[in-house]
Structure formats: structure tokens, C-alpha cells
Amino acid sequence: MIEHHRHILDFTLSSLMRRKGKNGALLSVYTLIVFILASVLFFTYALKREASLVLNEAPEIIVQRTLTGRYLPIPIAWGDQIAKINGVISVEPRLWGYKYDNVFLANYTLTVPAENPPESGNIDIGSGISRMRAAYPGDMISFTGHDGLPRVFTIRNILDHESQLLTSDLILLSEEDYRDFSGIPSDQATDMSLRVRNPKEYATISEKITQMYPETRPIVRTEIQRTYDAVFGWRSGLLIVIFSAAAIAFIIFAWDKASGLSAEERREIGVLKAVGWETSDILLMKFWEGIVVSLTAFLVGTILAYAHVFYTSSALFAPVLKGWSTLYPTFRLTPFIDFGQVATLFFLTVVPYTVTTIIPSWRAATIDPDAIMR
Amino acid sequence: MARRRSTIYLGTTAGLLLVLGGIFLHAYIKVRQSGPLFTRKTELVRQLELTDLCLFTEASYTRHLSMTDPSTPFQDAPMSLEHFPTGALVEPPPHLMRNHSQHD
């Protein structure tokens with residue numbers, strides 16, 4: 001039985017080698033499609049898992065103040081009223097914002113940390129800023145403040161390189177410096193961060209806050225975590241373009257196979273039948289032909305995708321992800337793999353191709369060999 | 001004597017399957033080893049009260065995806081045209097979409 005399969009496999013491989021150019025091109029394109037699809041699946045899944053894990057300690061509820069759909073600084077006094085809501089442990093004002101650096105054409109995020117802020121006149125910077133500006137501890141950096149006057153800061157620390165995916169563009173500074181730099185009054189904050197006794201009360205507390213201050217917008221931790229589950233969903237721009245291209249390519253493959261065999265392939269089937277091959281042998285040969293092409297493409301494409309995403313930091317995606325930004329984290333994702341996704345990729349790539357290879361051959365194999373060759 | 005083509009093919013496929021198995025094993029080991037790294041990162045998130053990943057820095061609403069207000073990102077509706085490349089890569093956060101549907 002095994003020897004029978006091996007003889008048919010030998011013949012199938014010889015047959016494929018006779019049309020080296022066509023089958024080689026088919027295998028290359030097939031592998032490329034699997035590579036792109038697998039790269040996207042690996043990248044998005046690993047990113048979602050990483051976001052879900054690290055943002056597990058994000059603030060429990062953030063309260064923003066909005067006016068006509070845009071956010072505004074929030075009065076710190078509102079925090080005293082919010083703190084009186086049952087279940088709220090603490091309310092802390094957060095100070096953060098953006099600074100566009102028109103020399104390096106980069107956007108920075110300025111933040112006043114809740115713990116261990118730098119002393120006035122000092123800043124900690126993300127490793128992305130350090131790399132881009134070649135700035136290191138002890139160096140001085142000047143930024144123009146809200147009033148057009150420059151402020152000079154001394155770099156105290158560079159934030160950990162391994163946390164770039166969180167801190168690449170951060171500038172940490174003291175509350176005093178931030179208020180002086182941004183012009184935000186001392187009785188206001190960017191937003192508020194709440195600690196809550198019981199996570200089950202998130203919705204109730206959020207509702208009470210909006211009843212108390214209708215212009216506020218509470219964002220709870222679960223929503224923050226869900227953001228990264230959803231942003232790379234199948235409807236997002238990147239994925240829909242790639243999935244559409246892959247789907248079209250597969251349709252072309254399937255159509256090419258299902259629409260019939262080439263004259264040469266039909267003649268080959270005719271000759272095989274004339275020399276005594278059974279219809280089942282011909283179907284077996286076509287089954288192996290489908291398996292050889294699709295399984296090889298699946299294995300090579302998936303292995304290359306793994307190397308691409310987890311060893312080269314998704315180098316091919318980088319230009320797309322960077323957009324117009326000049327400051328970009330160079331992170332290496334932890335290789336979280338969803339086995340279900342790999343299995344789905346296997347069934348979507350190997351099975352349809354093999355089936356569409358067998359069906360037209362079955363039609364040809366059941367016709368009289370004399371009629372086929374004529 | 002020349003090797004049979006099927007021997008070469010089956011050998012190559014077995015090799016590729018082994019590499020694929022090795023990938024899964026490698027991923028499993030790396031994930032287990034990264035426990036302390038994730039502890040440090042979550043501690044950093046807690047200390048700095050961070051809410052977002054630093055994936056895109058070109059626009060405020062893609063830098064802080066979860067903190068975006070309902071008007072700036074994606075202009076004035078989730079289906080409107082986008083002029084920052086990364087804004088077109090990602091979907092709006094679900095809570096923003098929910099707020100839009102409440103307003104409609």
C-alpha cells in the first residue's frame with residue numbers, strides 16, 4: 001500500500017518537474033501569499049496578547065472632560081466630588097500631553113509620572129528619543145514652551161530599552177515643569193485616574209460620574225484593553241487589504257484549477273488510462289500533486305513568517321506601520337502563537353487547493369481515453 | 001544509485017514539519033521565559049499610569065488609541081476619510097464606536 005503511494009508520488013513529482021517553470025512560479029506565489037497571511041496573523045495576535053498583558057495594570061477608570069466632542073483640561077476640584085462616590089478608593093489628576101519637535105519632525109508624549117518623578121529641570125526620555133536625537137544622561141535638551149520661550153532640561157535617565165513598545169516617545173518631567181511648560185493652570189489636570197474597590201462596579205461608577213458631570217467621558221480599563229483587541233480586527237485597513245488580496249489570489253488559483261485542465265494534462269491522463277491506470281490511481285496522483293504544492297507552500301510560508309515577525313521585528317511591515325512618523329519603537333514581540341489560527345490557515349490553504357486539483361481531473365479521468373486524446 | 005524523488009520530497013517535508021514543531025516549542029519556551037519581563041512592563045504601566053502602546057507616533061489619536069476623543073480621530077464619523085496613514089490601518093476603539101452609535 002505504502003509502496004503504491006510512493007510510486008504514484010514519484011510519478012507525480014516527475015510530472016511536476018516536467019513543467020518546472022509553471023509549477024515553480026505557482027509554488028512561489030502560493031508561498032508568498034501564505035507568508036503574508038501568516039505574518040499578519042502572527043504579528044496581530046502577538047501584539048494583542050502583549051497589549052492585554054501589559055495594560056492589565058492601566059488605570060482602572062480615566063475621566064476626561066469634553067466640550068463639543070473634544071477633550072479639555074478637567075478641574076481638579078471635580079475629583080473631590082468623584083471621590084465621594086461609593087466604591088471609589090482614590091482619584092488622582094493626571095498631567096500629560098504632546099510636543100511636536102519641528103527640528104526632528106517628531107511627536108513626543110510628555111507625562112508627569114505618578115511615582116518617582118524627575119526633579120525640576122530634569123527629564124527622563126524614552127529610548128526612541130535618545131536614539132533619534134543621540135541624547136544621553138547628562139545631556140541638555142531645549143524645548144519651546146507654550147509662551148514661545150525655550151526651557152532647558154537635563155536628561156536624568158533613558159527609559160528601559162526593552163519597554164520601547166510602551167515608552168519609546170515618552171518624556172517624563174515634574175509637575176512643576178509640566179505646568180510651566182504647557183501653561184495648564186494649577187487647578188486643572190489633563191484627566192483623572194480612579195482606583196476602584198471592585199471591578200464589577202466600573203459601569204455603575206462611570207454612570208454616576210456622567211450623571212454628576214454630564215460633560216465627562218469615563219474610559220474603563222476593560223475598554224482600554226479591548227481597544228487593542230479591536231484595532232487590528234479584520235475590518236481594519238491593513239488586514240482587509242491583505243485578506244482581500246489573498247482571497248483574490250486563491251480564487252484565481254481555484255478558478256485556474258477548477259476551470260479545466262490544459263491540453264497537455266488531459267493528454268497525460270489519456271495516456272495513463274490507455275496504458276492501464278485506474279481512475280482511482282489518477283485521482284490519487286492529482287491528490288498528491290495538490291498536497292505537494294499546497295503543503296510545501298504552507299510549511300515554507302509559515303516558517304518564513306515566524307522568522308519575519310519574531311526575528312526581524314516585522315521588517316516588511318515597518319514602513320506601513322511607521323506612516324509619516326519619524327519616531328518609531330524598534331520592538332521585538334514575544335512569540336505568542338494562536339494554534340487555532342495556524343490550523344485555520346492550514347485548512348484554508350491546503351484543503352481548497354487540493355480539492356480544486358482533484359475535481360477537474362476526476363471529470364477527465366472518467367471519460368474514455370480515446371476521446372480525451374483525440 | 002540516484003535517490004527516488006519521493007524519498008527527497010518526503011524527507012524535505014519531514015524536515016519542514018520538524019522546523020514547524022521547533023517553532024511552536026521555541027515560542028512556548030520564549031513565552032515562559034518572558035514572565036519577568038512582563039512583570040517589569042506591567043509595573044512600569046502602573047507607575048507611569050500608561051493607557052496605550054507606543055505603536056504610532058504620527059497622530060495623537062493613533063498614539064493614544066484608547067484615549068481618543070469622539071471627534072478628532074477618523075474626523076467626524078467612523079467611516080470618514082483619513083489623512084494619516086496609520087489612522088487608516090486601525091479600527092476605531094469599540095467604546096468610541098459605541099458612543100457614536102448612541103449619538104446617531
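Residues numbered from 1 in each chain as written. Chains lettered and ligands numbered in written order. Predicted model: local features only at pLDDT ≥ 70, side-chain atom pairs only at ≥ 80, totals over all residues.

A count of helices and strands for chain B gives four helices and zero strands. N-terminal to C-terminal, the α/β element order of chain B is α-α-α-α. Buried positions account for 37% of the 104 residues belonging to chain B. Of the contacts formed within chain B by residues at least 6 apart in sequence, a portion of 40% connects residues at least 24 apart. (Helix = DSSP H or I, 4+ residues; strand = E, 2+ residues; numbered from the N terminus. Buried ≥ 20, exposed ≤ 12 C-beta atoms within 10 Å, placed from the backbone. Contact = placed C-beta atoms within 7 Å.)

Glancing now at the overall build of chain A. Scanning chain A from terminus to terminus reveals 14 helices and 13 strands. Here the C-alpha atoms of chain A give a radius of gyration of 30 Å, more than 25% beyond the 21 Å that 2.2 N^0.38 yields for 374 residues. Principal-axis analysis of the C-alpha atoms gives chain A an extent of 95 × 50 × 35 Å. Evaluated residue by residue, chain A yields a buried proportion of 38% over its 374 residues. (Rg over C-alpha atoms; globule rule 2.2 N^0.38 Å.)

Before going further, it helps to spend a moment on the nonpolar core. Counting 98 residues, the largest nonpolar core has Val34, Phe42, Val63, Ile82, Ile171, Leu173 and Leu194 of chain A as its most contacted members. Beyond its immediate stretch of four places on either side in the chain, Ile171 of chain A contacts Tyr108, Leu110, Ile123, Ile125 and Ile129 of chain A. (Core = buried A, V, L, I, M, F, W, Y, C linked by C-beta atoms within 7 Å.)

A common measure of how large an interface is: the accessible area buried when the components associate. Residues and elements named next belong to chain A. The domain architecture assigned to chain A consists of domain 1 (2–54 + 231–373) and domain 2 (59–221). A separation of 48 Å is found between the C-alpha centroids of domain 1 and domain 2. Counting residues at the interface gives nine residues for domain 1 and 12 residues for domain 2. The class makeup of the residues in the side of domain 1 that touches domain 2 is five nonpolar, three polar and one charged. (Domains from an automatic or database assignment. Nonpolar A, V, L, I, M, F, W, Y, C, P; charged D, E, K, R; others polar.)

Attention now moves to the interface of chain B and chain A. Taken together, the contacts link 53 residues of chain B with 69 residues of chain A. Every element with two or more residues in the side of chain B that touches chain A is listed here: helix H1 (5–33), helix H2 (35–48), helix H3 (60–63) and helix H4 (94–103) of chain B. For the side of chain B that touches chain A, the residue count by class is 29 nonpolar, 14 polar and 10 charged.

Once that is clear, we can look at the sheet that holds strand S9 (residues 150–158) of chain A. Residues and elements named next belong to chain A. Pairing in this open sheet of six strands is mixed, and the strands run S5-S6-S10-S7-S9-S8 from one edge to the other. The strands lining the two open edges of the sheet, one partner per strand, are strand S5 (96–101) and strand S8 (140–144). Across the sheet, the axes of successive neighbouring strands diverge by a mean angle of 40°, strand direction being ignored. Sheet analysis places strand S7 (residues 122–125) next to S9, joined by four bridges and oriented parallel. (Pairing = 2+ DSSP bridges. Axes fitted to C-alpha atoms, helices over the stretch in contact; angles between N-to-C directions.)

It is worth spelling out the packing of helix H1 (residues 2–18) of chain A against H1 of chain B at this point. A pair of packed helices is captured by two measures, namely the crossing angle of their axes and the spacing between those axes. Between H1 of chain A and H1 of chain B, the shortest axis-to-axis distance is 8 Å and the interhelical angle comes to 90°. Accordingly, the angle class assigned to the pair H1 of chain A and H1 of chain B is roughly perpendicular. Contacts between H1 of chain A and H1 of chain B involve Arg6, Leu9, Asp10, Leu13 and Ser14 of chain A from the former and Arg5, Ser6 and Tyr9 of chain B from the latter. Taken together, the residues of the contact of H1 of chain A with H1 of chain B sort by class into three nonpolar, two polar and three charged. (Parallel < 35°, antiparallel > 145°, perpendicular 65-115°, else oblique.)

A word on the packing of helix H11 (residues 279–311) of chain A against H1 of chain B. One way to put it is that H11 of chain A packs onto H1 of chain B with a least axis distance of 10 Å and a crossing angle of 35°. You can see that H11 of chain A and H1 of chain B cross each other, and the crossing is left-handed. Along its contact with H11 of chain A, which presents Val292, Leu295, Leu299, Val300, Thr302, Ile303 and Tyr306 of chain A, the element H1 of chain B presents Tyr9, Thr13, Leu16, Leu17, Val19, Leu20 and Ile23 of chain B. Partitioning the contact of H11 of chain A with H1 of chain B into residue classes produces 12 nonpolar, two polar and no charged. (Left-handed = near helix turned anticlockwise from the far one by under 90°.)

Quick look at the pairing of S9 of chain A now. Of the strand pairs in this sheet, S8 of chain A and S9 of chain A are connected by five bridges, and their pairing is antiparallel. Within the sheet, the bridge partner assigned to Ile141 of chain A lies in S9 of chain A and is Phe153 of chain A.

Working note: α-helix, 3.6 residues per turn, so residues spaced by three or four point in the same direction. For H2 of chain B, built from 14 residues, the straight-helix expectation of 20 Å at 1.5 Å per residue is met to within 8% by its first-to-last C-alpha distance of 20 Å. Those residues of H2 of chain B that fall on the buried side of the exposure criterion are Lys41, Val45 and Leu48 of chain B. Mapping the buried residues of H2 of chain B onto a view down its axis gives an arc of 85°, with all of them on the same face. Turned more than 90 degrees away from the buried face of H2 of chain B, the exposed residues are Gly35, Pro36 and Thr39 of chain B. Those residues of H2 of chain B that are buried are in contact with helix H2 (20–54), strand S6 (106–111) and helix H5 (164–167) of chain A. In the segment just after H2 of chain B, Glu49 of chain B is the residue with positive phi, at about 55°. (Expected span 1.5 Å × (residues − 1). Arc of directions from axis to C-beta.)

Next up on the list: unusual backbone geometry. Residue and element names in this part refer to chain A. The backbone of Leu105 shows a phi angle near 55°, a positive value even though the residue is not glycine. Within the secondary structure, Leu105 sits in the loop between S5 and S6. The residue Asn116 is not glycine, and still its phi comes out positive at about 50°. With 9 C-beta atoms packed within 10 Å, Asn116 lands in the exposed category.

Before going further, it helps to spend a moment on the environment of Phe56 of chain B. Residues and elements named next belong to chain B. Tracing the backbone shows Phe56 in the loop between H2 and H3. Judged by C-beta crowding, with 28 C-beta atoms within 10 Å, Phe56 ranks as buried. Counting along the chain gives 31 residues from Phe56 to Gly87, while the straight-line C-alpha distance between them is 9.1 Å.

By the secondary structure assignment, Ala371 of chain A is in helix H14 (residues 369–373). Through-space distance from the C-alpha of Ala371 of chain A to that of Met1 of chain A is 31 Å; in sequence the pair is 370 residues apart.

Let us now look at the pairing of strand S1 (residues 61–67) of chain A. All names here are of chain A. Sheet topology places S1 next to strand S12 (residues 191–196); three bridges connect them, and they run antiparallel. Note that in S12 the partner of Val63 across the bridge is Met192. As judged from the five bridges shared by S1 and strand S13 (residues 216–220), these two strands associate in the antiparallel manner. Of the residues in S13, the one forming a bridge with Val63 is Pro218. By the bridge criterion, three bridges tie S1 to strand S2 (residues 70–72) in an arrangement that is antiparallel. Following the sheet pairing, Thr66 is matched in S2 by Tyr71. Remark: two residues form the turn of the hairpin made by S1 and S2, two consecutive strands paired antiparallel; Thr68 in that turn has positive phi of roughly 45°.

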